[in-house]
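Single-letter residue listing:
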Amino acid sequence: LVFPDLIISIGTSTLFSEYQTFDGAEKLLSSGTGIQTVLRPAILLVFLVAARKYIDTRDMRDVVGLNATLIFSAINILSLQVAILQRLSYLFIPFITVLIAVVISRVKEPYSKAKWLVACVIVFLLYGIASTMAGGDLFFKFYWQ
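All of the points below concern the structure found in this document. Note that the structure is predicted; figures quoted are calculated from it, not measured.

Further remarks concern the packing of aromatic side chains. If you walk through the whole model with that rule in mind, you get two aromatic pairs. Here Phe47 and Trp116 contribute two aromatic rings whose centre-to-centre distance is 5.6 Å and whose plane-to-plane angle is 90°, an arrangement assigned as edge-to-face. Of this pair, Phe47 sits in helix α2 (residues 36-50) while Trp116 sits in helix α6 (residues 110-133); the two residues are 69 residues apart in sequence, bridging distant segments of the chain. The pair Phe47 / Trp116 is uniform in exposure class, with both members buried. What makes Trp116 buried here is its relative accessible area of 18%.

The structure is reproduced here in structure tokens:
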């Protein structure tokens, strides 16, 4: 993150030479991404902090979900400098989705479980509306030689 332009130019000249000839409006390797890149990990981390008493670190599903959330967050923060890294973070979304479902299923009181479900639905709806108003996700394009 200290010298992103130098790292990107070395990467494009050695590994991804097809990106050197790309003359579009945006450079997918060197441009940052939108507010969604920071908003997604923040929402997930707030969820984990709020639901920490329902997370069992002895259960392997929870450990995988926690690791997936932390790796997803780190990759999204790194993708602020290199936009193409954001694609890598999508590999961890299924594990995070399972973690959210498992955590909510562990809530014993029906009223609390309903509150968690309603809160998750409201947060997902607000996130969808906010990301649509902010321009939506980037369209990923492949450029071949």
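Attention now goes to the side chain of Ser73. Along the polypeptide, Ser73 turns up in helix α3 (residues 60-78). A relative accessible area of 8% places Ser73 in the buried class. One polar contact links the side chain of Ser73 to the main-chain carbonyl oxygen of Thr69, over a distance of 2.8 Å. Contacts of Ser73, omitting those with residues within four sequence positions, involve Pro41 and Leu45.

Turning our eyes to something else, we now look at the packing of α2 against α6. Between α2 and α6, the shortest axis-to-axis distance is 11 Å and the interhelical angle comes to 170°. Classified by the angle between their axes, α2 and α6 sit roughly antiparallel to one another. Between α2 and α6, the residues in contact are Gln36, Leu39, Arg40, Ile43, Phe47 and Ala50 and Trp116, Cys120, Val123, Tyr127 and Ser131, respectively. Residue composition of the contact of α2 with α6, by class: eight nonpolar, two polar and one charged.

In this structure the tally under the stated criterion is four salt bridges. With a closest N to O distance of 3.3 Å, Arg58 and Asp56 form a salt bridge. In this structure, the salt-bridge partner of Arg106 is Asp59, at a minimum N-O distance of 2.6 Å. Within this pair, whereas Arg106 is found in the loop between α5 (93-105) and α6, its partner Asp59 is found in the loop between α2 and α3, the two being separated by 47 residues in sequence. Taken together, the shared-partner salt bridges in this structure form one network comprising Asp59, Arg61, Asp62 and Arg106.

Counting 19 residues, the largest nonpolar core has Phe47, Ile100, Val103 and Trp116 as its most contacted members. Elements represented by at least two residues in this core include exactly α2, α3, α5 and α6. A total of five residues in this core trace back to one element, the largest contributor, which is α5. Ignoring sequence-local partners within four residues, the contact set of Ile100 consists of Leu44, Phe47, Cys120 and Phe124.

Attention now moves to α5. Counted at 1.5 Å a residue, the expected span for α5 with its 13 residues is 18 Å, and the 18 Å between its end C-alpha atoms agrees. All buried positions along α5 are accounted for by Ile96, Leu99, Ile100, Val102, Val103 and Ile104. Check the buried side of α5 and you find it contacts α2, α3 and α6.

The end-to-end C-alpha separation of α3 is 27 Å, in line with the 27 Å expected for 19 residues at 1.5 Å each. The set of residues buried in α3 consists of Asp62, Gly65, Leu66, Ala68, Thr69, Phe72, Ser73, Ile75 and Asn76. The inward-facing, buried residues of α3 abut α2, α4 (86-89) and α5.

Cut-offs and rules
- Residues numbered from 1 in each chain as written.
- Predicted model: local features only at pLDDT ≥ 70, side-chain atom pairs only at ≥ 80, totals over all residues.
- Heavy atoms only, no water.
- Phe/Tyr/Trp six-rings, centres within 6.5 Å; stacked < 30°, edge-to-face > 60°.
- Helix = DSSP H or I, 4+ residues; strand = E, 2+ residues; numbered from the N terminus.
- Buried < 20%, exposed > 50% of the residue type's maximum accessible area, 1.4 Å probe, protein only.
- Polar contact = N/O pair within 3.5 Å; in protein donor to acceptor, adjacent residues only side chain to side chain.
- Contact = heavy atoms within 4.5 Å.
- Axes fitted to C-alpha atoms, helices over the stretch in contact; angles between N-to-C directions.
- Parallel < 35°, antiparallel > 145°, perpendicular 65-115°, else oblique.
- Nonpolar A, V, L, I, M, F, W, Y, C, P; charged D, E, K, R; others polar.
- Salt bridge = Lys/Arg side-chain N within 4 Å of Asp/Glu carboxyl O.
- Core = buried A, V, L, I, M, F, W, Y, C linked by side-chain atoms within 4.5 Å.
- Expected span 1.5 Å × (residues − 1).

Everything listed here is a matter of geometry and, on its own, says nothing about what the molecule does.
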